[in-house]
Each structure stands twice: as C-alpha cells, then as structure tokens.
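Chain residues, written in single-letter form:
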Amino acid sequence: MKKPSLHDFRLYLVTDPLLNRGYSVLEQIELALIGGVRIVQIREKSMPVSDFIKLASEALHLTRAHNAFLIINDAAEIAMSAGADGLHLGQGDMPVREARNIVGDDAIIGISVKTMDEAICAEEDGADYLAVNGVFPTATKEDLGYCVGLEGVTRIRQSTRLPVIGIGGITLHNCRSVIEAGAHGIAVVTAITMSDNIPQTCRSFLDLMDI
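Let us look at the structure shown here. (Residues numbered from 1 in each chain as written. Predicted model: local features only at pLDDT ≥ 70, side-chain atom pairs only at ≥ 80, totals over all residues. Heavy atoms only, no water.)

1. Let's talk about the nonpolar core
Okay, so step 1: Within the largest apolar cluster, 58 residues are counted, with the highest numbers of intra-cluster contacts made by L11, I72, I111, L130, I186 and F205.
Okay, so step 2: Broken down by element, the residue count for this core peaks at six residues, all from helix α2 (residues 49–65).
Okay, so step 3: Apart from the residues within four sequence positions on either side, F205 is in contact with L11, I170, T171, L172, C175, I186, V188, A191 and I192.
Okay, so step 4: In this structure, V14, Y129, I167 and V189 belong to the second largest nonpolar core, which totals 13 residues. (Core = buried A, V, L, I, M, F, W, Y, C linked by side-chain atoms within 4.5 Å. Buried < 20%, exposed > 50% of the residue type's maximum accessible area, 1.4 Å probe, protein only. Helix = DSSP H or I, 4+ residues; strand = E, 2+ residues; numbered from the N terminus. Contact = heavy atoms within 4.5 Å.)

Structure follows, in structure tokens:
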C-alpha cells in the first residue's frame, strides 16, 4: 500500500453525517474527490458496525477510482475489515502501537495533537501524519478545549518530520494562513460538507493554498 505524498495532504475531507446540505456521506466523498480532495476521513460515532463496514467499502471504491486515500476515524477493526488505507486516532483512542498491530505496517495512521510533546510522542510511536486539532474555534467539536491557534501549528511543525495538517474552524477565508503558519495541508469538515457546490469549494481551497 502506498503512502500519501505531501501534496495529497493539501486538502483532507472529514465527512459529517449530520452537518451537510442533504448530501449523504458517499455523495460528500464523491463530490469532494471531483473537486480535488485526495484524502478522505469517514467519522461515524454511532453507526452499527455492519453498516459502517458497508459504507467504508463503498467509499473505498470511490477513493480508488480517484487515486485517493480512505481513512477511518477511531475504528481500527472497521478500517481493517473494509480494507481502508488507514486510521485516524485521537489522544483518547487506542495507542498507535496497538492500532498498528490491528491494521498492519502498511496502513496510514494519523494522530490528533495539540502540543509539541504529543507530536513528538506520536512520531516516536510510528504515526504517519499529525492533525493539529483546534486551529480555530469550531462548532463540530464541542469538547475541543483550548485552540492551539496558528502559533501552535508553527511550533508543532518545527518539532516533527511528519506531515502536519491543521483542523478546526478552517474556511476559505483563513485557510491560507494555516499553510503560511507551516502546515502541509488542512482538514475541513463543514466548509465543504455545508457547501452548495462541493467540487467548486474544494477547487477554491486548493487555489487559495497554492503558495
């Protein structure tokens, strides 16, 4: 299994089953891929396992058709069963080493971090990329706590050799600043899922970050 390039991390979609303009998760994925997204994370917190595996398997067909990557949030067994490209973990989820034993050495494993210590630990444990969580305030994560801000993005980028993406409240109006702060890319939820024209919104993000 190949790993994403830095260019692939430029625009990373996190799906949302509730915050959207009536698009299903599969529709969100397909439209974003048309717009240039190359990494998609499915985040489902309450879907039954069998339904989640089916959704992930169908999403994988879409990402494969676009030479893109499929990541599953916090569900190692789902990622393995569906054949997804990787897994994304939060600080309260299973350790990277334990997840690696389930999904295998070739799988992509990303970790959400907010501090340099968390970033260094994630790299030492074998993570493949870091998501700096809480760049700006966001309504999609009510338990987020403090925001690391653009300064946090810069500090974490300087502490690691891993690809770094920013997530949290990122829009067309502020995405460029996240790249200027040192991130290799951005992860976006509602600015894409709530768009009336997802492909065009994705293209606009990519154009704005072309610096």
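What follows continues from the structure just given.
2. A word on the pattern of salt bridges
Okay, so step 1: In total, this model carries nine salt bridges according to the counting rule given.
Okay, so step 2: Linking E58 and K54 is a salt bridge whose minimum nitrogen-to-oxygen distance equals 2.6 Å. Linking E58 with K54, this pair stays in helix α2, spanning four residues, or about one helical turn.
Okay, so step 3: Accessibility expressed as a relative area gives 29% for E58, which makes it partly exposed.
Okay, so step 4: Through salt bridges with shared partners, a single ionic network connects K3, R100 and D128. (Salt bridge = Lys/Arg side-chain N within 4 Å of Asp/Glu carboxyl O.)

3. Describing the environment of V96
Okay, so step 1: Residue placement: V96 occurs in helix α4 (residues 96–103).
Okay, so step 2: Separated by 14 residues in the primary sequence, V96 and G110 have C-alpha atoms spaced 8.7 Å apart.
Okay, so step 3: In this structure, V96 is in contact with L89, I109, I111, D125, G126 and A127, ignoring residues within four places of it in sequence.

4. Some points on helix α1 (residues 25–34)
Okay, so step 1: Turning to α1, its buried residues are V25, Q28, I29, A32 and L33. Along α1, the residues classed as buried sweep out an arc of 125° about the axis, all on the same side.
Okay, so step 2: Tucked inside the fold, the buried residues of α1 contact β1 (11–14), β2 (39–42), α2, α8 (190–193) and α9 (198–208). (Arc of directions from axis to C-beta.)

5. Remarks on the packing of aromatic side chains
Okay, so step 1: Here the structure, examined in full by the defined rule, presents two aromatic pairs.
Okay, so step 2: Measuring from ring centre to ring centre gives 5.2 Å for F9 and Y129, while their planes differ by 50°; the resulting arrangement is tilted. Of the two residues, F9 sits in the segment before β1 while Y129 sits in strand β6 (residues 129–133), which places them 120 residues apart along the sequence. As far as the burial class goes, F9 and Y129 line up, both buried.
Okay, so step 3: Linked through ring pairs, F9, Y12 and Y129 together constitute an aromatic cluster. (Phe/Tyr/Trp six-rings, centres within 6.5 Å; stacked < 30°, edge-to-face > 60°.)

Nothing here speaks to function; it is all geometry.
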